[in-house]
Amino acid sequence: MNTAWALAWMQALAAAIEEQTDYLTQLDSAIGDADHGANMRRGFGAVLTALNGFSAETAGDLLMKVGGTLISSVGGASGPLYGSAFRAIGKALREPSPSAEQLRGALADGLAAIQRLGAAVPGDKTMVDAYAPALAAFEEALKQGETAVAAAARAADAAEEGARATASLQARKGRASYLGPRSVGHQDPGATSTALMFRALAKATAAS
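Residues numbered from 1 in each chain as written. Predicted model: local features only at pLDDT ≥ 70, side-chain atom pairs only at ≥ 80, totals over all residues. Heavy atoms only, no water.

1. Some details on helix α1 (residues 3–31)
Now for step 1: Along α1, the helix axis deviates most sharply at Gln-20, where the bend reaches about 60 degrees.
Now for step 2: N-cap assignment for α1: the residue whose side-chain oxygen lies 3.1 Å from the backbone N of Ala-4 is Asn-2. (Bend = angle between axes of the 7 residues up to and from the residue. Helix = DSSP H or I, 4+ residues; strand = E, 2+ residues; numbered from the N terminus. Polar contact = N/O pair within 3.5 Å; in protein donor to acceptor, adjacent residues only side chain to side chain.)

In structure tokens:
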């Protein structure tokens, strides 16, 4: 897990966002501002531009650049939340080749950054409902002696399951919370893009 791995992660995520932009917009149209897909596409387009020719000594340096770019280029809540997460992950990955345990710690720092900023907890129908089970699955896989590749794959599966499960939740944070019980029955767009983030992580880790 070096700079090439981090770049592959961001390229895979940008491609997934591009492919799923309309779907994210559709989800956000039901319970939000209908701009999550467009915001994420603009943000990761800016990320790819910023990383083109960017010289990073470590994966952490590259992910710090990603975080700063998202904060400066994406409006609404998505930019600060994803940007803060990637900055926190990057700060924790300053070794040239971080271990699986260091990645686990970095992902935990990313979740902590999201929760400090958004004050969301599991069950609020937010990106935390995909991120938290993904982190738990990653941690459990490492405890069982599995590799980083296997742990990342289990995390991606858990994130996708967590995102789907938000459909049964009533929103307690963000614009969707204004809908009250009418938010039930709709999958959260932030949790859905978080699942894309973890699937991209799994792909990049498997290829590294």
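2. Focus on the environment of Leu-135
Now for step 1: Position of Leu-135 among the secondary structure elements: in helix α6 (residues 128–143).
Now for step 2: Linking Leu-135 and Thr-205, residues 70 residues apart in sequence, is a C-alpha distance of 15 Å.

3. Considering the nonpolar core
Within soluble globular proteins, side chains that are nonpolar generally end up buried alongside one another.
Now for step 1: The biggest cluster of nonpolar side chains holds 58 residues, and the ones touching the most others in it are Trp-5, Trp-9, Met-10, Phe-44, Phe-86, Leu-107 and Phe-198.
Now for step 2: Listed by contribution, the elements that provide at least two residues to this core are α1, α2 (36–51), α3 (59–73), α4 (78–92), α5 (100–118), α6, α7 (148–165) and α8 (189–207).
Now for step 3: Once residues within four sequence positions are removed from consideration, Phe-198 is found in contact with Leu-107, Tyr-131, Ala-134, Ala-152, Ala-155, Ala-156 and Ala-159. (Core = buried A, V, L, I, M, F, W, Y, C linked by side-chain atoms within 4.5 Å. Buried < 20%, exposed > 50% of the residue type's maximum accessible area, 1.4 Å probe, protein only. Contact = heavy atoms within 4.5 Å.)

4. Some points on the packing of aromatic side chains
Now for step 1: One pass over the structure, following the stated rule, counts three aromatic pairs.
Now for step 2: Plain terms: the ring middles of Trp-5 and Trp-9 are 5.6 Å apart, the flat faces sit at 35 degrees to each other, and that makes the pair tilted. Taken together, the residues Trp-5 and Trp-9, both in helix α1 and four residues apart, mark about one turn of the helix.
Now for step 3: Classification of Trp-5 as buried rests on a relative accessible area of 2%.
Now for step 4: Judged by centre distance (5.6 Å) and plane angle (65 degrees), the rings of Trp-9 and Phe-86 are edge-to-face. Remark: Phe-86 occurs in helix α4 and Trp-9 occurs in helix α1; sequence separation between them is 77 residues. Here the two residues Trp-9 and Phe-86 agree in accessibility, since each one is buried.
Now for step 5: Taken together, Trp-5, Trp-9 and Phe-86 form an aromatic cluster joined through their ring pairs. (Phe/Tyr/Trp six-rings, centres within 6.5 Å; stacked < 30°, edge-to-face > 60°.)

5. Describing the UniProt feature "domain: DhaL" (unreviewed entry) in the chain
Now for step 1: Annotation from UniProt places "domain: DhaL" (unreviewed entry) at residues 4–203.
Now for step 2: A helix fraction of 71% and a strand fraction of 0% characterise residues 4–203, whose end C-alpha atoms lie 13 Å from each other. (UniProt positions renumbered as here; feature names shortened; annotations may be inferred.)

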